[in-house]
Structures are given as C-alpha cells and as structure tokens.
Amino acid sequence: GLAISDLLKVITESVESYSNKPPEPWYNEFFLNLSRKYNLDIFNLNYDTWFETILKNKFNDGFIDSNPKSNYLEFNPQRALNIKDYKININHLHGQLDFSFINNETANAEFDDDQFYTIYKVKEHNNSYIHRDGSSFQNTQSGEHLKNTTIITGKYQTEKIAISPFDTYRANFQNCIMNNSH
C-alpha cells in the first residue's frame, strides 16, 4: 500500500510541476483558435489541467456543481454522454490532477453518496494536491489486489477504468470513433 501511495505521490508531483505553469502561448492559441472554428471532443491521456486552463469554463467534462457549498464537483454520466449538446467536451481517459476521492462522511453529507470509490473533482485547482487520495484496496475477480486511484497507472488498468468517470469517458471515446465520418 505504501509503495503505491509513494508512486502516486511521485507521479503527481512530477505532473503538478508543469501543470501549474501556464501553457506556452502557441499551445494556448492553437486550442483557442481550434475551439472557435470547430466543436471539439478531446480525449486526453495526460493528467494535467491545461485544457481546463486554456478553455476556462466553456467545456463539458461531465462534472457539475450540484452542491455550491461543497469544494467538489459531482460527476454526472448523463451530461458526460451528451457530448453533442456541448461545443467542447473533455474526457480524461487516465484521470486528472483535480480528480479526488473524498471521505465517506463528506460524501454522505454533501452528495448523499455512500459509495467509497466515487471520484469527485476539486473546484479550485490550487487545492487539488492536498485533497487527492486513493481508495482502499479491493480484489479483482482473479483475487489480485487492486487500489482504485484518481490517475490510472500501472497494472490492472481494465479494472481501474470500470468506475466513473473513466467508464463513461471510454464509452464516449468508442462512440466518437464509430460515429466520426472523417
């Protein structure tokens, strides 16, 4: 358990070191210009928050502010799956720095959620690092130990993406590939 926690800490610190820097101006302008001309369905394998930084709050990632008093956004699969209703959709296939597990007490009080593996999104990116944590260990069907995390790395990725939002993002990815005429 400690080795996994340490590995996730190293990965997070590494990604945070560049994610907190503003994107290069050319990168920023490229995606802003693209978003002005086209609808975008972005499927990101990186853990950073650059698309959110560039596109501000003009995108759909399936997370909604269902409790304005909370520090977290709640994932709504129906919204995430309605990608045709939004000009810009962002799907983080392997997780994102602002994804977070929260303790059961907070989840129950703020979202009436008693599931221990629900992933939320931190509203304020600067606070994301202190909130990030992994859920408890579970077992796969073959009896192997599995620790669900907010960023997907290592073995058993198939099992790790079986929870929201990863399962929904994967469905979006498959649908976009099948329905894309180009």
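Anything mentioned here points back to the structure above.
Focus: unusual backbone geometry
Okay, so step 1: Looking along the chain, the bond that leaves S164 and enters P165 is cis, with omega of 5°.
Okay, so step 2: Here P165 shows up in the loop between α7 (157-160) and α8 (166-179).
Okay, so step 3: Residue K56 is not a glycine yet carries a positive backbone phi of 50°.
Okay, so step 4: Within the secondary structure layout, K56 lies in the loop between α3 (50-55) and β2 (63-64).
Okay, so step 5: You can call K56 exposed: its relative accessible area is 53%.

Notes on the packing of aromatic side chains
Okay, so step 1: On inspection of all chains with the given rule, the structure shows 13 aromatic pairs.
Okay, so step 2: Ring geometry for F31 versus F51: centroids 4.8 Å apart, planes at 90°, classification edge-to-face. In this pair, F31 sits in helix α2 (residues 25-37) while F51 sits in helix α3, placing the two residues 20 residues apart along the sequence. For the pair shown, F31 and F51 are each scored as buried.
Okay, so step 3: One aromatic cluster in this structure is built from W26, Y27, F30, F31, W50 and F51.

Some points on the sheet that holds strand β6 (residues 119-122)
Okay, so step 1: Read from one edge to the other, the open sheet built from four strands follows the order β2-β3-β6-β5, with strand pairing classed as antiparallel. Strand pairing shows two members of the sheet lacking a second neighbour, β2 and β5 (99-101), which therefore form its edges.
Okay, so step 2: Two elements, β2 and strand β3 (residues 72-75), share two bridges in a ladder whose sense is antiparallel. Across the sheet, the residue bridging to F63 is F75, located in β3.

So, α2
Okay, so step 1: Relative to the 18 Å expected for 13 residues at 1.5 Å per residue, α2 spans 19 Å between its end C-alpha atoms, a close match to the ideal helical length.
Okay, so step 2: Of the positions making up α2, those classed as buried are F31, L32 and S35. Burial along α2 is one-sided: seen end-on, the buried residues are contained in an arc of 100°. Turned more than 90 degrees away from the buried face of α2, the exposed residues are P25, W26, R36 and K37.
Okay, so step 3: Close packing links the buried residues of α2 with β1 (40-44), α3 and β4 (88-92).

Calculation rules
- Residues numbered from 1 in each chain as written.
- Predicted model: local features only at pLDDT ≥ 70, side-chain atom pairs only at ≥ 80, totals over all residues.
- Heavy atoms only, no water.
- Helix = DSSP H or I, 4+ residues; strand = E, 2+ residues; numbered from the N terminus.
- Buried < 20%, exposed > 50% of the residue type's maximum accessible area, 1.4 Å probe, protein only.
- Phe/Tyr/Trp six-rings, centres within 6.5 Å; stacked < 30°, edge-to-face > 60°.
- Pairing = 2+ DSSP bridges.
- Expected span 1.5 Å × (residues − 1).
- Arc of directions from axis to C-beta.
- Contact = heavy atoms within 4.5 Å.

The values reported here are purely geometric and, on their own, carry no functional implication.
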